[in-house]
Amino acid sequence: MRLPLLAAVVAVALLLVAPFYFYSVTLMTIMCFVVFACSFNLLLGYSGLLCFGHAMFFGGAAYITGHLLKTTPMSLELAILCGGIFSGLLGLLIGVLSIRRQGIQFAMITLAFSQFVYFIFLQSSFTGGEDGMQAIPRNALFGLFDVSDNAVFYYVVLAVTLVCVFVYYRIVHSPYGEVLKAVRDNQPRVESLGFNPERVKLLAFVLSATMAGIAGGMKATVYQFATLTDASWPISAEVILMTLLGGLGTLTGPIFGAGIIIMLNDYLAGFGEWALISQGVILLVVIVFFRRGFVGEFDALTRYLRGRKAEAAVTKPENSVQAL
């Protein structure tokens, strides 16, 4: 068994027993933001598109999922899926209007759209405005299984998270993922090969928005409420921090970044604004000393040590031959 596969099996085994030792709601929150951070990393790390308004997909799906669960007998998994589809369609609309721009222009356009969406949620009656959407029920899974207990619902969230991470992994390692990275690195050359870079990036934007929507729908069902905070700029900034902290363009970076930030927020919640200050300090440290993120720096160090070992292995036989 290869080392990455063995590590994945061990990680899943640990996650299966984790709720017996840790607070299940905190673990579910981490998993929701793992999916959210993976969606953002797909956009920025592999597409090179910086979205300043990614929370509009997260919060929008939370409201849609909650509204469907409150007003219809729809099963839980279908409601979360509908939230993801809504975010994907919203991503398609915004992507068509903004994908031709790059760099800071694209970032500011997405921020403007997110503020517009935030205002719509603020004024809409079904969202509850500033009071938020309260008492979201957890309808039966597949219409059969009761998941009202957090101990049971934890494994539902875990299953959805594992599926999303696997899909994220397959996208990155597919031929499309290779084209996507090529567009990020050298768009004119990819265009000269016959690809349409705008379509490639638009698909990545829609996939990222859909995955962010699934994360938002899960969070709404974990806490059983949705608020304007879910669609606000601070959540967009937080997912940027998670991705940068873990490592852009890495598979496991968003997982570590989301876990670290959520745990910090949980432990520093009693200190009020100090939680935000600590995030700012962490971001500065990462930008100055760990520009590739913790996982990115670890990968770079591993490659460097392997290179040194290979050089030593090549140099040793040469020295032996010269001695003879």
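Here the structure is a predicted model, which means the values were calculated and not measured. (Residues numbered from 1 in each chain as written. Predicted model: local features only at pLDDT ≥ 70, side-chain atom pairs only at ≥ 80, totals over all residues. Heavy atoms only, no water.)

Colleague: Requested: an account of the side chain of Ser24, with residues and values cited.
Modeller: Summarising the element assignment, Ser24 is placed in helix α2 (residues 24–44). Not counting chain neighbours up to four residues away, the residues in contact with Ser24 comprise Pro19, Asn150 and Tyr154. (Helix = DSSP H or I, 4+ residues; strand = E, 2+ residues; numbered from the N terminus. Contact = heavy atoms within 4.5 Å.)

Colleague: Tell me what's going on with the nonpolar core, and back it up with residues and numbers.
Modeller: If you look at the biggest cluster of nonpolar residues, it comprises 82 residues, and the most contacted ones within it are Met28, Phe36, Phe57, Phe153 and Phe205. Broken down by element, the residue count for this core peaks at 16 residues, all from α2. Residue contacts for Phe57: discarding those within four places in its chain leaves Ser87, Leu90, Gly91, Ile94, Phe205, Ala209, Ala212 and Gly213. (Core = buried A, V, L, I, M, F, W, Y, C linked by side-chain atoms within 4.5 Å. Buried < 20%, exposed > 50% of the residue type's maximum accessible area, 1.4 Å probe, protein only.)

Colleague: Go over the pattern of salt bridges, please, and point to the residues and values.
Modeller: Under the criterion given, the structure shown has four salt bridges. Its salt-bridge partner being Asp185, residue Arg184 comes within 3.0 Å of it at the nearest N-O pair. We note a salt bridge from Asp230 to Lys219, for which the minimum N-O separation is 3.0 Å. Residue Asp230 is located in the loop between α9 (197–223) and α10 (233–246), and its partner Lys219 is located in helix α9; the two are separated by eleven residues in the primary sequence. Residue classification places Asp230 among the buried residues on the basis of a relative accessible area of 5%. (Salt bridge = Lys/Arg side-chain N within 4 Å of Asp/Glu carboxyl O.)

Colleague: Can you lay out the UniProt feature "transmembrane region" (unreviewed entry) in the protein chain for me, pointing to particular residues and giving the numbers?
Modeller: In this structure's numbering, the residues bearing the UniProt feature "transmembrane region" (unreviewed entry) are residues 6–36, 43–66, 78–99, 106–126, 152–171, 202–220, 240–264 and 271–290. The span residues 78–99 carries 95% helix and 0% strand; its end-to-end C-alpha distance comes to 29 Å. Within residues 202–220, the helical portion is 100% and the strand portion 0%, while the C-alpha atoms at the span's ends are 27 Å from each other. (UniProt positions renumbered as here; feature names shortened; annotations may be inferred.)

Colleague: I'd like a description of the packing of aromatic side chains, backed by residues and values.
Modeller: All chains considered together, the criterion is met by eleven aromatic pairs. When the centroid spacing of 5.0 Å and the interplanar angle of 50° are considered together, the rings of Tyr63 and Phe121 count as tilted. Remark: Phe121 occurs in helix α5 (residues 103–123) and Tyr63 occurs in helix α3 (residues 55–71); sequence separation between them is 58 residues. Residue classification places Phe121 among the buried positions, given a relative accessible area of 6%. (Phe/Tyr/Trp six-rings, centres within 6.5 Å; stacked < 30°, edge-to-face > 60°.)

Colleague: So what's going on with the environment of Val200? Residues and values would help.
Modeller: Structurally, the position occupied by Val200 is in helix α9. Judged by its relative accessible area of 10%, Val200 is buried. Excluding its chain neighbours within four sequence positions, the residues that come into contact with Val200 are Tyr176, Val179, Leu180 and Val183.

Colleague: Help me get a handle on the environment of Ala112, residues and values and all.
Modeller: Turning to its location among the elements, Ala112 is positioned in helix α5. On the basis of relative accessibility, which here comes to 47%, the residue Ala112 falls in the partly exposed class. With 92 residues separating them along the chain, Ala112 and Ala204 place their C-alpha atoms 20 Å apart.

Colleague: Can you lay out the packing of helix α4 (residues 76–98) against α9 for me, pointing to particular residues and giving the numbers?
Modeller: In helix packing, the relevant descriptors are the interaxial angle and the interaxial distance, both defined with respect to the helix axes. Between α4 and α9, the least distance of the axes is 7 Å, while the angle of their chain directions is 145°. In this structure, α4 meets α9 at a crossing whose hand is right-handed. Counting all contacts with α4, which are made through Leu76, Ile80, Gly83, Gly84, Ser87, Gly88, Gly91, Leu92, Ile94, Gly95 and Val96, the residues of α9 involved are Leu202, Phe205, Val206, Ala209, Thr210, Gly213, Ile214, Gly217, Met218 and Thr221. Broken down by class, the residue content of the contact of α4 with α9 amounts to eleven nonpolar, ten polar and no charged. (Axes fitted to C-alpha atoms, helices over the stretch in contact; angles between N-to-C directions. Left-handed = near helix turned anticlockwise from the far one by under 90°. Nonpolar A, V, L, I, M, F, W, Y, C, P; charged D, E, K, R; others polar.)

Colleague: So what's going on with unusual backbone geometry? Residues and values would help.
Modeller: One non-glycine residue, Ala135, lies in the positive phi region at around 55°. Relative to the elements of secondary structure, Ala135 occurs in the loop between α5 and α6 (150–172). Exposure remark for Ala135: the relative accessible area of 62% places this residue in the exposed category. The phi dihedral of Gln224 falls on the positive side, at around 60°, and the residue is not glycine. Within the secondary structure, Gln224 sits in the loop between α9 and α10. On the basis of relative accessible area, Gln224 is assigned to the partly exposed category, the value being 30%.

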